[in-house]
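Observations on the model geometry
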Amino acid sequence: LCPPGVLPLCCRAPSWDRAARQLPRLPLAPCRAFSNNKIQVDLDESSGIATMKFKSPPVNSLSLDFLTEFSISLEKLENNRACRGVIITSAIPKIFSSGLDIMEMCGKNVEHYGEFWRAVQEMWLRLYGSNMVTVAAVNGSSPAGGCLIALSCDYRIMAENPKFSIGLNEAQLGIVAPFWFKDTFVNVVGHRIAERSLQLGSLHPAPEALQLGLVDELVPEEKLLEKASAVMARWLALPDHARQFTKSMMRKTVLDRLVAHREEDIKYFINFISKESIQKSLRMYMEMLKKKKG
Amino acid sequence: LCPPGVLPLCCRAPSWDRAARQLPRLPLAPCRAFSNNKIQVDLDESSGIATMKFKSPPVNSLSLDFLTEFSISLEKLENNRACRGVIITSAIPKIFSSGLDIMEMCGKNVEHYGEFWRAVQEMWLRLYGSNMVTVAAVNGSSPAGGCLIALSCDYRIMAENPKFSIGLNEAQLGIVAPFWFKDTFVNVVGHRIAERSLQLGSLHPAPEALQLGLVDELVPEEKLLEKASAVMARWLALPDHARQFTKSMMRKTVLDRLVAHREEDIKYFINFISKESIQKSLRMYMEMLKKKKG
Amino acid sequence: LCPPGVLPLCCRAPSWDRAARQLPRLPLAPCRAFSNNKIQVDLDESSGIATMKFKSPPVNSLSLDFLTEFSISLEKLENNRACRGVIITSAIPKIFSSGLDIMEMCGKNVEHYGEFWRAVQEMWLRLYGSNMVTVAAVNGSSPAGGCLIALSCDYRIMAENPKFSIGLNEAQLGIVAPFWFKDTFVNVVGHRIAERSLQLGSLHPAPEALQLGLVDELVPEEKLLEKASAVMARWLALPDHARQFTKSMMRKTVLDRLVAHREEDIKYFINFISKESIQKSLRMYMEMLKKKKG
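Scoring rules and cut-offs
Residues numbered from 1 in each chain as written. Chains lettered and ligands numbered in written order. Predicted model: local features only at pLDDT ≥ 70, side-chain atom pairs only at ≥ 80, totals over all residues. Heavy atoms only, no water. UniProt positions renumbered as here; feature names shortened; annotations may be inferred. Contact = heavy atoms within 4.5 Å. Buried area = accessible area lost by both parts, 1.4 Å probe. Salt bridge = Lys/Arg side-chain N within 4 Å of Asp/Glu carboxyl O. Polar contact = N/O pair within 3.5 Å; in protein donor to acceptor, adjacent residues only side chain to side chain. Helix = DSSP H or I, 4+ residues; strand = E, 2+ residues; numbered from the N terminus. Nonpolar A, V, L, I, M, F, W, Y, C, P; charged D, E, K, R; others polar. Buried < 20%, exposed > 50% of the residue type's maximum accessible area, 1.4 Å probe, protein only. Pairing = 2+ DSSP bridges.

Within an unreviewed UniProt entry, the label attached to chain A reads Enoyl-CoA delta isomerase 1, mitochondrial, and the organism entered is Tachuris rubrigastra. Its UniProt record, at the heading Subunit (unreviewed entry), says of chain A: "Homotrimer." Note on chain A: under the UniProt heading Pathway (unreviewed entry), the record states "Lipid metabolism; fatty acid beta-oxidation."

And the structure:
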């Protein structure tokens, strides 16, 4: 029985995921530590704290493979009673995550776009709705989808390097952050800051991000993980049950909105991304990125 | 006739109260000053300002008796045309109110839990929806339900003593602040600060409470009532009618939500508090309190 | 096709306007610069930036004529592909706009009140829902409806003169800011600041307005337009399409609310303003203003 107005997120294995995605039910085998292609996951069973390290060169972009691995890793940890909290960070210097992989949105077919977008939604539903304590240790730049991952955690610590920036900069690319990116952002920084930042597609240097409330604190890069562990310990000092209900109560409205409009949101994305004008501007953006590197 | 989207709170004697609680209709006899067991109420008819002083040792906990007296006192003042504003403070040193009385939630029967919870709701509906100007002069610590009382006022002044703290710390006790505590909190400090503070069950020392916007200003303890009167005078300088409509417009959504889910909320509370696990953790908490004192 | 949860404001010529007001469809003739009675409009086709200068002495009050001219000017610019942004400022020293013209609300008949209120709504729906980038260069005091105009823009720059103040001070006059004034205010400054400021009918001096987030920055008065142009250039650097969708997504809920309750809101206004008690307090307010001048 949940409190009025509270999603049953407090129950492990939320009902929307398998129903919507027909994920194969994962074996609930003991999973202490598992490593795979794009994300390294380590679980310290004594503390109950897992660490997820993005290690997908060059910039941890959120490809379909990356997103699937992320969702599966999260689900495994969520179902593992030994795990109570997750620290999310990057193994790649200077970049936390560059956001959605443009390659997945360019020159592919409609089925691919749909599958990709469902995977983006899935990742967010799992992370924003997680029962675990989630702490982002943002040790590099974090635009667009990378920013969304940080925003979806319970707490954000960023390396105090003004060269690192974070923000939902979709408008710069000629695309629009979906409503659930916006909702997540508004819940963190409020309506006015979100309105301005989203319209300008701003990338905020770390000190500005702190000032806006986009991140909770800045620490020297070498102390980032140490600080994340200390923060995690403080959050884990609370009884899980009460904390989870409270979290669910705070995030329910926004999670519900995507769940209610999921298929509509996918259809809109497919239609939007298939437009020749959008394809053209994404190709131009990729050209620009290539020239920058060269 | 009320403006679209405005509760008829502007009409004295809100319709939900007697209907829901079958309170005996109070005699509208002239009530200049009345004192009773747990709250001292004084009304200065020349200024139109009443003072409610909590005087229920040792810690002004919100027992069923206290809550009933609080609601009746508020209703009397609300119906008294000589009264336009109320200053709420404590007669007990170092404590404003310790919040809901755990004794009322421990080892009692289902009927008792229901009656108690209805009285908590009633108090909040009356205070948050009051037509009078309400100023909290927080002259001591104010956890949980004590914090709710302060949050429900129009303005909060706190003694600038860093030993005094305030917050919705329910999660620390393994319980969950109800959705309407949360709504009231979000309306004061915004979504992000509320999310973090509620999940951690934080008690904020006075200076931090000021910084978060949880209270509006800090003054030396000896100047608290003087300051409260000055603030009250500024609020009473406005025409009542316009101010009351405006207040109702701002608080309507959140008041409506509890009115619409009142019985559901009581049922949930009864079910939750009757659980053996919750009873156990409350007993442990009380043991801890006893040892602290001893 | 719009994203889920997005008003089709992105389509020029919003559907609600003509349907609701039966405005004659304006000829889409090339309109480079046009001047008329109360607002001077200049369009720089090379930059795509228009300037609207209020020039209705003595205090740019929002009369029916002023509001109609404002809406028509906005519509012309909106339909002009050469125009991408508008800077709104005043040609009258020390005053941006004094807000709704009390003469329109005093001693007139019911039809007049209805026509006037519809024009106020129309102006706000067009400005808050504009596809163009809108920057307010607030070069004087800006109470009530004047403040609403500033709040409805994308960005607010104010002359850093502490003698200039801004705010929704309706409560001071014994009237109530309508719910859509309130919604616009809450979207800028958040719930708590709005609740306090609206109940007190506060007029905030420029430095305080900056601190509350009511305006985005202060600059010396002589640099106001230069700064407005620089801000506009930054906003116009973004692709129109993405920016417009984003703006619409942020403002949709609040715009929808008035569209859904428009007739109800007009009826309420007529009923309210026709009351003898309100007429009396407006007459007293006008007397006071006359004495101030004399």
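**Remarks on the interface of chain A and chain C**
In this assembly, 24 residues from chain A lie in contact with 24 residues from chain C. Roughly 2200 Å² is buried in total at the junction of chain A and chain C, and carbon and sulfur atoms are behind 64% of that figure. Taken as a group, R192(A), Q199(A) and Y268(A) account for 32% of the area that chain A buries against chain C, more than any other trio of residues on that side. Inspection of the region where chain A meets chain C yields three salt bridges. Here chain A is connected to chain C by seven residue pairs in polar contact (both at pLDDT 80 or more). For the side of chain A that touches chain C, the secondary-structure elements that each account for two or more residues are α5 (179-189), α6 (191-200) and α10 (262-273) of chain A. At eight residues, α6(A) tops the list of elements feeding residues into the side of chain A that touches chain C. Tallied by class, the residues present in the side of chain A that touches chain C amount to twelve nonpolar, six polar and six charged.

**Describing the pattern of salt bridges**
All told, the structure shown has 54 salt bridges over all chains when counted by the stated rule. Between R126(A) and E122(A) there is a salt bridge; the shortest N-O distance is 3.2 Å. Note that R126(A) and E122(A) are positioned in helix α3 (residues 110-128) at a spacing of four residues, about one turn of the helix. As far as burial versus exposure is concerned, R126(A) and E122(A) are alike and both buried. Salt-bridge contacts for D154(C) lead to K247(C); the nearest nitrogen and oxygen are separated by 2.9 Å.

**With respect to the pairing of strand β5 (residues 85-90) of chain A**
Residue and element names in this part refer to chain A. Extensive coverage of β5 is indicated by the burial of six of its six residues. Alternating positions in β5 separate into two faces, G85, I87 and T89 on one and V86, I88 and S90 on the other, with burial throughout. Where strand β3 (residues 49-54) meets β5, six bridges bridge the pair, whose relative direction is parallel. By the bridge assignment, T51 is partnered in β5 with I87. As paired elements, β5 and strand β8 (residues 133-138) share four bridges and run parallel to each other. Bridge pairing links V86 to T134 in β8.

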